There are 2 protein chains.
Amino acid sequence: MDPVGATMRELLRVTPGRPVDLASIDPRSTPGLPAAEVTGEHRKEWARAQVELVGAELGRQQEMLFADAKARQAGGPAAVDGGASGTAAGSRAGAGAGHRLLMVLQAMDCGGKDGTVKRVAGAMNPLGLHIRSFGPPTDEELRHDFLWRIRRALPPPGYVGVFNRSHYEDVLVARVESLVPQPVWQARYDEINAFERELADDGVALVKVMLHISHAEQGERLLERLTDPRKHWKYNPSDIDARARWDDYQAAYAEALRRCATDAAPWYVVPADRKWYRDWAVAHLLRETFDTLHLGYPPAGFDVRHERERLLGSEGTTKVNGR
Amino acid sequence: MDPVGATMRELLRVTPGRPVDLASIDPRSTPGLPAAEVTGEHRKEWARAQVELVGAELGRQQEMLFADAKARQAGGPAAVDGGASGTAAGSRAGAGAGHRLLMVLQAMDCGGKDGTVKRVAGAMNPLGLHIRSFGPPTDEELRHDFLWRIRRALPPPGYVGVFNRSHYEDVLVARVESLVPQPVWQARYDEINAFERELADDGVALVKVMLHISHAEQGERLLERLTDPRKHWKYNPSDIDARARWDDYQAAYAEALRRCATDAAPWYVVPADRKWYRDWAVAHLLRETFDTLHLGYPPAGFDVRHERERLLGSEGTTKVNGR
């Protein structure tokens, strides 16, 4: 069942230029959830089943994205007109080599990035996924501009990219932990906007998602990692240090959202204390973003009738359809 | 339900050094399938459900592989002893940085490589997959040794790699289409064996799978691609040219299997005319290969009690468990 009233892109979108008050967004809320499910007894099961359904559609869209890029690269006719329609990413003139979709996932520790990738991206064909995780920069990466490693990790045309953390760490942890001087991180907001504008112009449909969890929920999840031996490996003692600076991180997020939510590269805040809602919402955000691309299967770049004759006339293919 | 009698690794494995007669392996056969399912009315549905179940176990194994590599990289205790046990890849001394699993998929056109990745690898967490497809080499790749691009595409420790085509193309298409002189491709069998021996010694558990389809089935599938407009993009007129050299390709496969099936890097031939059997068999091959690694979750690399105290004692975490 689709979200009620507005689209999820409308409901969860950060308004460009408007201050963001994260404290006013309840991490346990469920915007867009059909009324019957808000208090439904089986809403978890319902949401999981919906994610499966939407996931199948995501897989179909992903295949068309891939097919379209392949046809363009072969020089054949493409299914999507790069410059005709007037809607969002679908209208970018720069999609000559084919569109790409790129989801940027950001969250506090335990915010559910890995789980979202598993559940939502996992519904698509792994052959067409381009997932990259960004940890602390290596020595080599530190010798370059902060966007250097990001550019190298972009999905090729036809692929669905997922950034598990991203260049936004360079205005989040870099700011809160003073890893670089203030003038350096201050300049990055504009640099990020210019970079993302460039990507959008090049046919990249950006979906930037902040998974918004509460301080209490983070505590619960950290405790679980300390309690279940199968989860110890996910825990890092430095997580507690970052937790102690919760308010600083929230402020850094709010600033990043305010300054880098643009029409070309929108930010969405997804309430994420409830995992089933989180997955449901992200799946819909992706599906709605695919819709803006107006994808279809490309027409054949060869003479179909002639090829059928070649196949059916070729030696040994009398077996075809005759077994 | 598990395969009957022997393991799938035993049933489908090519015996090192023994000649391979592909014509004697029926692509519609279903080795290892429980008797009740061989002629069962709902065997397709049964097999799909089994792939889901085995897939869940693959996901668990994949997580342990990932966790173990992470613990080793952090310098903490690992769950798997790199040199103690005497079984297959689990015993390699070189797994100091953690094990890797690498499935190499080869098949004739329409053999089902993409479908296998989608259905079997798709059961795992895409975050821990490292999938690489190899097309015709680029100009840059041609300036290097044939293994250059392969080495660059290897999965890092902790990841499950899938090669969609591989270095075997360099003794298949390169041989049949005479892309290089005979002495060059002739030397490659030994070079491949040395390379794969090196990988195995470095902790890579190799699973090399040939998806074995019949000439008739390929004809059916090509016809489908020419009939269904949603599949035109998968068709390439050169597919018919390769089809005309079917026997040459089969001979090249047989030679590659005979010369490169080793204990360190086994080859498996999976009858693949029936997609549901193919997926079921490959899922089991992967699960059994994981079993040889004897994976477990690594113990904590920190003082669990101390961390719990830090978490529960830290400011604001009175909320934990108290909401």
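Everything that follows concerns the structure shown earlier in this document.
Residues numbered from 1 in each chain as written. Chains lettered and ligands numbered in written order. Predicted model: local features only at pLDDT ≥ 70, side-chain atom pairs only at ≥ 80, totals over all residues. Heavy atoms only, no water.

**Concerning the pairing of strand 3 (residues 160-164) of chain A**
All names here are of chain A.
Piece 1. Most of strand 3 is tucked away, with five of its five residues classed as buried.
Piece 2. A two-sided burial pattern is seen for strand 3, the buried positions comprising V160, V162 and N164 on one face and G161 and F163 on the other.
Piece 3. Judged from the five bridges that link them, strand 1 (residues 100-107) and strand 3 form a sheet pairing that is parallel. Paired with L101 across the strands is V160, a residue of strand 3.
Piece 4. Two strands pair when backbone bridges link them, and strand 2 (residues 129-133) and strand 3 are joined in this way by five bridges, in the parallel orientation. What sits directly across from R132, in strand 3, is F163. (Buried < 20%, exposed > 50% of the residue type's maximum accessible area, 1.4 Å probe, protein only. Helix = DSSP H or I, 4+ residues; strand = E, 2+ residues; numbered from the N terminus. Pairing = 2+ DSSP bridges.)

**Overview of the interface of chain A and chain B**
Piece 1. Across the boundary between the two partners, chain A contributes 55 residues, which contact 55 residues of chain B.
Piece 2. Both faces considered, chain A and chain B share a buried interface measuring about 4900 Å² in area, 64% of it formed by carbon and sulfur atoms.
Piece 3. The interface formed by chain A and chain B includes two salt bridges.
Piece 4. In this assembly, chain A and chain B are joined by ten residue pairs in polar contact (both at pLDDT 80 or more).
Piece 5. Where the side of chain A that touches chain B is concerned, the elements lending two or more residues are helix 3 (43-73), helix 4 (113-119), strand 2, helix 9 (215-227), helix 10 (238-244) and helix 13 (304-313) of chain A.
Piece 6. Top element by residues in the side of chain A that touches chain B is helix 9 of chain A. It accounts for nine residues. (Contact = heavy atoms within 4.5 Å. Buried area = accessible area lost by both parts, 1.4 Å probe. Salt bridge = Lys/Arg side-chain N within 4 Å of Asp/Glu carboxyl O. Polar contact = N/O pair within 3.5 Å; in protein donor to acceptor, adjacent residues only side chain to side chain.)

**Topic: helix 11 (residues 246-260) of chain B**
Piece 1. In a regular helix each residue adds 1.5 Å, so 15 residues correspond to 21 Å; helix 11 of chain B covers 21 Å between its end C-alpha atoms and thus fits that length.
Piece 2. Those residues of helix 11 of chain B that sit buried are W246, Y249, Q250, A252, Y253, A254, E255, A256, L257 and C260 of chain B. (Expected span 1.5 Å × (residues − 1).)

**Quick look at the sheet that holds strand 1 (residues 100-107) of chain B**
Residue and element names in this part refer to chain B.
Piece 1. Spatially, five strands are ordered 2-3-1-4-5 in an open sheet, and the strand pairing comes out parallel. Either end of the sheet is taken by a strand with one partner, and the two such strands are strand 2 (129-133) and strand 5 (267-271). Strand-to-strand, the axes of this sheet are offset by a mean angle of 20 degrees, without reference to chain direction. (Axes fitted to C-alpha atoms, helices over the stretch in contact; angles between N-to-C directions.)

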